Amino acid sequence: DHPLCLRCLHTLPHTGFAPFRDNPIEKLFWGRIPVEAAHSECYFAKEFLLQHLIHQLKYKGNQEIGLYLGKLTGRSLLNSNRFQSPDAIIPLPLYPDKERKRGYNQAAVIAKGISSVLQVPVWNQVVIRSHATETQTRKQRTERWENVTRSFRVTDYDKLAGKHLLLVDDVITTGATLEACGEAILEIPGTQLSIAALAYAPK
C-alpha cells in the first residue's frame, strides 16, 4: 500500500519545522515577502534517499512517490495547527513547454497529496510562468533572483483576492523562485501567503 518500505520511510530526514514560528524556512523569507507560515518536510542532501525520490518524481514519471510525499507533508501541516486556514493551494507553476515535455508539474503532484490531507482545493493555472527561465541549479542567490524576477503572472485576480493561499514547491534552496511567485500573488489586495515544500537544501 506504500511506495516506501518502513525502513526507507524512517530514514527520511524530516525537519520538524511545521509547529514552530520563525523556523529556518520562515527566516529565509524575512525582509523579502510577508509569509504567514512556512515549512519544508525534509532536508535535502545529495546522494541520499530523498534526492533519488525527487529524481524519480521529476524525471522518471513516478507521480505516486510525489503524491505519497505530499501526503506526509500535509500531515505535518495539519498536525502543526498553523496551516489550517488556507483557502486554496497553488503549485509553483512550470513554464508550459517544460510541463508539456515532462507531462506534469511535480509541484502540482505534491500539492495534490497535501490537498488530500488538508481538504483544501488545488488551484492550477491561477498563476502562470509567463516566460522560460534557465535552470537554477548552479546559480548563486542573486543570479537566481535575476533569473526569475517578473516571470510569474496572475490570471485570475478576482479568484485570489482576499484569500489565504498555500504556495507549494518541491525543493527550496535560496527561495528566489518562491519569492518571485509570491510577489505576484501578494500584489492582489487582501491576499495572505504561506509556503510549503517537500525539501530544503540550505546553502
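Everything below is about the structure shown above.
For the structure given in this document, a descriptive report is provided here. (Residues numbered from 1 in each chain as written. Predicted model: local features only at pLDDT ≥ 70, side-chain atom pairs only at ≥ 80, totals over all residues. Heavy atoms only, no water.)

## Re the overall build of the chain
Working step 1: Looking only at helices and strands, the chain features 9 helices and 6 strands.
Working step 2: Relative to the 2.2 N^0.38 estimate, which gives 17 Å for 203 residues, the radius of gyration of the chain is 16 Å and therefore close to what a compact globule would have.
Working step 3: On the principal axes, the C-alpha backbone points of the chain span a range of 45 × 35 × 30 Å.
Working step 4: Excluding contacts between residues fewer than 6 apart, the proportion of contacts in the chain whose partners are at least 24 apart in sequence is 78%.
Working step 5: Here the chain displays about 10,300 Å² of accessible surface, and carbon together with sulfur accounts for 48% of that area.
Working step 6: Charged side chains of the chain number 25 positive and 20 negative; the gap between the two group centres comes to 5 Å. (Helix = DSSP H or I, 4+ residues; strand = E, 2+ residues; numbered from the N terminus. Rg over C-alpha atoms; globule rule 2.2 N^0.38 Å. Contact = heavy atoms within 4.5 Å. Areas by Shrake-Rupley, 256 points an atom, 1.4 Å probe, with all protein chains shown as cover. Lys, Arg positive; Asp, Glu negative; His and termini not counted. Charge placed at Lys NZ, Arg CZ, Asp CG, Glu CD.)

## Observations regarding the sheet that holds strand E1 (residues 38-43)
Working step 1: Read from one edge to the other, the open sheet built from 4 strands follows the order E1-E6-E5-E2, with strand pairing classed as parallel. The sheet is open, and its two edges are formed by E1 and strand E2 (88-91), each paired on a single side. Geometrically, the sheet is characterised by an average inter-axis angle of 20 degrees between neighbouring strands, direction not taken into account.
Working step 2: As paired strands, E1 and strand E6 (residues 192-200) are joined by 5 bridges and run parallel to one another. Paired with His39 across the bridge in E6 is Ala196.
Working step 3: On top of the sheet, helix H3 (residues 49-59) reaches E1, strand E5 (164-172) and E6; it is set at about 110 degrees to E6, its chief contact.
Working step 4: Strands E2, E5 and E6 of the sheet are contacted by helix H6 (residues 106-118), whose axis makes an angle of about 130 degrees with E5. (Pairing = 2+ DSSP bridges. Axes fitted to C-alpha atoms, helices over the stretch in contact; angles between N-to-C directions.)

## A short note on the environment of Asn124
Working step 1: Residue placement: Asn124 occurs in the loop between H6 and strand E3 (127-129).
Working step 2: Asn124 sits 31 residues away from Pro93 along the chain, and the two C-alpha atoms are 8.0 Å apart.
Working step 3: The contacts of Asn124, once residues within four sequence positions are left out, are Pro91 and Ala108.

## Let's talk about the side chain of Asp170
Working step 1: Within the secondary structure layout, Asp170 lies in strand E5.
Working step 2: Of the polar contacts made by the side chain of Asp170, one reaches the side chain of Gln106; its length is 3.3 Å.
Working step 3: In this structure, Asp170 is in contact with Lys58, Gln106, Ile110, Ala197, Leu198 and Ala199, ignoring residues within four places of it in sequence. (Polar contact = N/O pair within 3.5 Å; in protein donor to acceptor, adjacent residues only side chain to side chain.)

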